[in-house]
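Observations on the model geometry
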Amino acid sequence: MATVAVIDYGMGNIRSVSKALEHVSGDTKVVVTHNAEEVLRADRVVLPGVGALQDCVSELKRLGLDDVIRETVCNKPFMGICLGMQALLDCSAENGGTEALGIIPGEARHFADQLKTIPETEALKVPHMGWNQVHQSKAHPMWQGIKQDSRFYFVHSYYVATKSDSVVSATTPYGFDFTSVIDRENIFAVQFHPEKSQHAGLALLANFLSWDGTH
Amino acid sequence: MSLAKRIIPCLDVDDGRVVKGVQFVDILDAGDPVEVARRYDEQGADELVFLDITASSDNRETMVHVVEEVASQVFIPLTVGGGIRELSDIRRMLNAGADKVGINTAAVNNPEFVRQAAERFGTQCIVVAIDAKQVSDGKWEIFTHGGRKATGIDAVEWAKKMANFGAGEILLTSMDRDGTRDGYDLALTRAISEAVPVPVIASGGVGTLEHLVEGVIEGKADAVLAASIFHFGHHTVQEAKDAMSARGLEMRALDV
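This report concerns the structure included in the present document.

Thresholds applied
- Residues numbered from 1 in each chain as written.
- Chains lettered and ligands numbered in written order.
- Predicted model: local features only at pLDDT ≥ 70, side-chain atom pairs only at ≥ 80, totals over all residues.
- Buried ≥ 20, exposed ≤ 12 C-beta atoms within 10 Å, placed from the backbone.
- Helix = DSSP H or I, 4+ residues; strand = E, 2+ residues; numbered from the N terminus.
- Pairing = 2+ DSSP bridges.
- Right-handed = clockwise from strand over helix to strand, strands pointing away.
- Axes fitted to C-alpha atoms, helices over the stretch in contact; angles between N-to-C directions.
- Left-handed = near helix turned anticlockwise from the far one by under 90°.
- Contact = placed C-beta atoms within 7 Å.
- Nonpolar A, V, L, I, M, F, W, Y, C, P; charged D, E, K, R; others polar.

**A word on helix α1 (residues 14-24) of chain A**
Residue and element names in this part refer to chain A.
- With respect to burial, α1 is a largely interior element, eight of its 11 residues being buried.
- If you check which residues of α1 are buried, you get Ile 14, Arg 15, Ser 16, Val 17, Ser 18, Ala 20, Leu 21 and Val 24.
- Phi turns positive one or two residues past the end of α1, at Gly 26, with a value near 60°.

**Structural notes on the pairing of strand β10 (residues 200-203) of chain B**
Residue and element names in this part refer to chain B.
- Burial of the side chains of β10 extends over both faces: Val 200 and Ala 202 are buried on one face and Ile 201 and Ser 203 on the other.
- Where strand β9 (residues 169-174) meets β10, four bridges bridge the pair, whose relative direction is parallel. What sits directly across from Leu 171, in β10, is Ile 201.
- Handedness of the β-α-β unit built from β9, helix α7 (residues 186-195) and β10 comes out right-handed.
- Relative to strand β11 (residues 223-226), β10 runs parallel, the two sharing two bridges. Its bridge partner lying in β11, Ala 202 is registered against Val 224.
- What joins β10 to β11 is helix α8 (residues 209-217), and the crossover it makes is right-handed.

**Things to note about the packing of helix α6 (residues 155-165) of chain B against α7 of chain B**
All names here are of chain B.
- Packing of α6 against α7 brings their axes to within 9 Å, and their N-to-C directions diverge by 35°. In the crossing of α6 with α7, the sense of the turn from one axis to the other is right-handed. Counting all contacts with α6, which are made through Ala 155, Val 156, Ala 159 and Lys 160, the residues of α7 involved are Leu 188, Ala 191, Ile 192 and Ala 195.
- Tallied by class, the residues present in the contact of α6 with α7 amount to seven nonpolar, no polar and one charged.

Following this line, the structure appears as structure tokens:
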């Protein structure tokens, strides 16, 4: 039986993610775990997370999961969600500078810092919270059956800025077009919460469970 | 701008049962939180708020099971309020599948609680619920205990302080309007929305779809919460969205 591991490092809405996966899992077994062996054994891996990146990264390191993730992103379908996307970057502006896992070159920046440089965006609220459009910049098997500019549920104050445009898979407008999805080889990572994005979100999770990691 | 304005039905739950008369036609059990939540999900609700009004703290655990059940079948954001007093209450609700918790009285009693909660769980899941009453022209104060107990705290200053302490969102209820069906207190809503950098949910007083439109256009709210207008089947969430879209507001369409 195929398995999907949901990495549980004690932060945020792990249950929401596992429940949504179970809803679309069919024959795939959903395993919620912080056990390195179990993660390495799984056929595909989801790294969820909400809250502070500093806590996320330090917990992953404490549990020895940082190296597990580095290995996983090289050889099986891997999905990062929200903080699980930002954790893949080099660093975040959070708490004056927080080091992340350094898997995708780039950094997480605070919305307010960017919005204050753009005229007429000062009224935009931070956190960026609610249903916003996701514009697919390129074709990808994960978008199968999901309409261009579908709305997904976001809640975050930091956004992802990658060094290379080639990893940008989708953007979302909020004062400016920020990167809401990144992809590289078998990594697909989203800023929004598919587990809370009703039909479109469940469709994306279902696509992940059938994605073989190629393009 | 393409962030949609949100419509949020609010359900009062007493000892695991939805109360205050949800009256959908053809619903099997109008007291079942899961069934009611599913109905709103199908109608296109953007989020749901569950308010635990259980009097006895012995029965708090019931709410955890309600959240677990709803979260395993309804895949939109869930906020749970009522009786959130300690960090362990928040942890329990988030583990059960809630995305956000509403903190009201505990914030008034101890504002540092909001700071601690935001540091521990992130600002994205901390909603501070504010019950405000007008005390003079352009002045509102915070009330607790369902609007019976005055605190002397200025509502606008309080909202700013709470956002500063880490509230990721403000759920603002006008105690003057709550239950009246006369519409939101638009001046209050606008005063708070313009004072804080975080999103504001307008609440209290909705009687017509036009009230929802006003809440966003005049009140500058980011989201509108309503209870009876939806519960009694007067309007569906979809009708509310159509009314708001017709006035030029961006709403999420239901893609099936």
